[in-house]
Amino acid sequence: MTYAISQTCCSDATCVSVCPVNCIHPAPGERDFGSTEMLYIDPATCIDCGACADACPVDAVFPVESLTGAQRAYAEMNAAYYADAPAPRPDEDSPVFHAWGEPAFTRTLPADFAAPRVAVVGTGPAGMYAAEDLLLHTSAEVTLVDRLPVAGGLVRYGVAPDHPATKRIGDAFARFHDHPRVRMVLGVEVGKDITADELAAHHDAVVYAVGAPGDRRLGIPGEEAAGSLSATTFVAWYNAHPHVPADAIELSAPRVVVVGTGNVALDVARILLTDPEELARTDIADHALAALRSSAVREVVLLGRRGPEDAAWTRPELLALTQLPGVELVVDDHDPRIGAALDAAGPQDKAALLRGLPRAQPDHAAPPPEGKRRLVLRFRSAPVEVTGGGTGSAPHAVGAVRVTGGGRTEIRAGMLLRAIGYRGAPVPGLPFDEATGTVPHTRGRVTGRTGTYVVGWIKRGPSGGIGANRTCAAETVTALLEDAAAGALPAAAHSAKAFRRLVRRRSPQLVDARGLAAIDRAERARGSREGRPRTKLATVDELVAAARRRVPLGR
């Protein structure tokens, strides 16, 4: 019996580091690492030890014999990755099939190394991988700073609620929240409550892991209409982000258009069409669950500018969508190139997963069919205009979306969600590249600011999933430690105690590690009464009140 990696793979390569026979690839340092959809276990050399399953932070590794139904496809995906590789043979005088490379020691620290005091701004995956690296490999003191009064970043507010296994990476990070060398300073925003210079003056180094909170625009007429929103707003809404109000989304029309073919586009389409009672067992926001229970949405039309062979989603996410109970998937074959691409797709092509779906040319001017939920995949089509159709209190609401493909087509819809990419935002006091939406840097060192570093999407742009941040953080932390060992870091002008006094004066919403633990207890207690993992507190006031033990655990 061998093991296989499944849909929830985060690609952070924790499994690679514990595998005794080097049978998980692509590994860090290999050409394909970071560019494949997931990691893969070689069935020919796996020795069934289970070390990878024990180490996986998102429970993505399973014995092949335990996979049933649609999950069997992941065994095939793992094996197919090695199909064209040479047959494994043991090295000379060794029983190991995969040769290990020469060990590389990229960091050397002097015996008298004085560990720095480092502030990490952002408590999402990028920031926490950087903090983990510092805490496990040095005796550095780390201050975790976040503008929200709760930790988690995109693990809490970006992962879809029906992906609970992916959210488990947050448990791995949470073990550092009360680490003896960690101080948590939540509810403090750099550029508002404190300046970048003030933060730097109280620390030897500062690492910014602020992500890419913005989104890309379509640049078409009518895009500003009510009901024309970014997918980032929709994701934040169903995840109870305190900066998105409960009434930000209206689901009163039967059809929604989603622009984009990435995993975020699949997430929002899936949440719109999933049976709300299935979502009731997750940590979805209460207000989102209530809205979805009364939702009029029966159809989602997903627009892809190019053909199915070029869709940006990953095969594991698409496979999961094709298995969604009660939802019909249809390929809009308005263009003959679409069917041809599906028919020509090879076994390992993403488009092959769509080959067996029904093909039709739905009437987008008419209401969607009654009594069913449907996802229409319309490739080779792009929006060119949003036209109004609202009346009464919402005269500027979305009424239809005009699209290319098969001539100009008008899709009647009450909402347009653009899922065409995230974008970084400037951090006051740091340089910013408007073209790329990133902070200029060299190997994580911020240009023109000694002792200041970046990691994650604000460093490399909005690409790569959770696990990609691990190698990204390792590069940045290595650069930081090189500078520290060389004596190049500016010494902190003020003490850690002085920083705590400063933020207490500046932020009325300050939350520390004990307050974060209180928020976690309150949310879990509320959720347990309904058979849910947690019921999220959805406003800043609720979060701060819970941190100060002012929120009752029951309803």
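What comes next concerns the included structure.

Criteria and cut-off values
Residues numbered from 1 in each chain as written. Predicted model: local features only at pLDDT ≥ 70, side-chain atom pairs only at ≥ 80, totals over all residues. Heavy atoms only, no water. Helix = DSSP H or I, 4+ residues; strand = E, 2+ residues; numbered from the N terminus. Rg over C-alpha atoms; globule rule 2.2 N^0.38 Å. Buried < 20%, exposed > 50% of the residue type's maximum accessible area, 1.4 Å probe, protein only. Contact = heavy atoms within 4.5 Å. Areas by Shrake-Rupley, 256 points an atom, 1.4 Å probe, with all protein chains shown as cover. Lys, Arg positive; Asp, Glu negative; His and termini not counted. Charge placed at Lys NZ, Arg CZ, Asp CG, Glu CD. Polar contact = N/O pair within 3.5 Å; in protein donor to acceptor, adjacent residues only side chain to side chain. Axes fitted to C-alpha atoms, helices over the stretch in contact; angles between N-to-C directions. Parallel < 35°, antiparallel > 145°, perpendicular 65-115°, else oblique. Left-handed = near helix turned anticlockwise from the far one by under 90°. Nonpolar A, V, L, I, M, F, W, Y, C, P; charged D, E, K, R; others polar. Core = buried A, V, L, I, M, F, W, Y, C linked by side-chain atoms within 4.5 Å.

Counting its regular elements, the chain contains 19 helices and 23 strands. In terms of C-alpha radius of gyration, the chain reaches 25 Å, essentially the compact-globule figure of 24 Å for 555 residues. Each principal axis of the C-alpha atoms in the chain carries an extent, and together these give about 75 × 70 × 50 Å. A buried classification covers 53% of the 555 residues belonging to the chain. When contacts within the chain are restricted to residue pairs at least 6 apart in sequence, long-range pairs at least 24 apart make up 75% of them. Surface exposure of the chain reaches about 24100 Å², of which carbon and sulfur atoms provide 51%. Mean positive and mean negative side-chain charge positions of the chain (61 and 64 charges, respectively) differ by 6 Å.

This part is about the side chain of His334. One can find His334 in the loop between strand 13 (327–332) and helix 14 (336–344). Overall, His334 belongs to the buried group, its relative accessible area being 15%. Of the polar contacts made by the side chain of His334, one reaches the backbone oxygen of Phe379; its length is 2.8 Å. Dropping the residues within four chain positions of it, His334 is found in contact with Gln361, Arg378, Phe379, Arg380, Ser381, Gly405 and Gly406.

In this section: the packing of helix 10 (residues 263–273) against helix 13 (residues 315–322). At their nearest, the axes of helix 10 and helix 13 sit 10 Å apart, and the two run at 20° to each other. Looking at the two axes, helix 10 sits roughly parallel to helix 13. Regarding helix 10 and helix 13, the two cross each other, and that crossing is left-handed. Residues Asn263, Leu266, Asp267 and Arg270 of helix 10 pack against Glu317, Leu318 and Leu321 of helix 13. Taken together, the residues of the contact of helix 10 with helix 13 break down into three nonpolar, one polar and three charged.

Moving on: the nonpolar core. In terms of nonpolar packing, the biggest core is built from 70 residues, with Ile5, Ile24, Leu39, Ile41, Val142, Leu144 and Leu480 touching the most fellow members. With seven residues, the top contributor of residues to this core is helix 4 (residues 125–137). If near-sequence neighbours (up to four positions away) are discounted, Val142 is found in contact with Val118, Val120, Ala131, Leu134, Leu135, Arg181, Val182 and Arg183.

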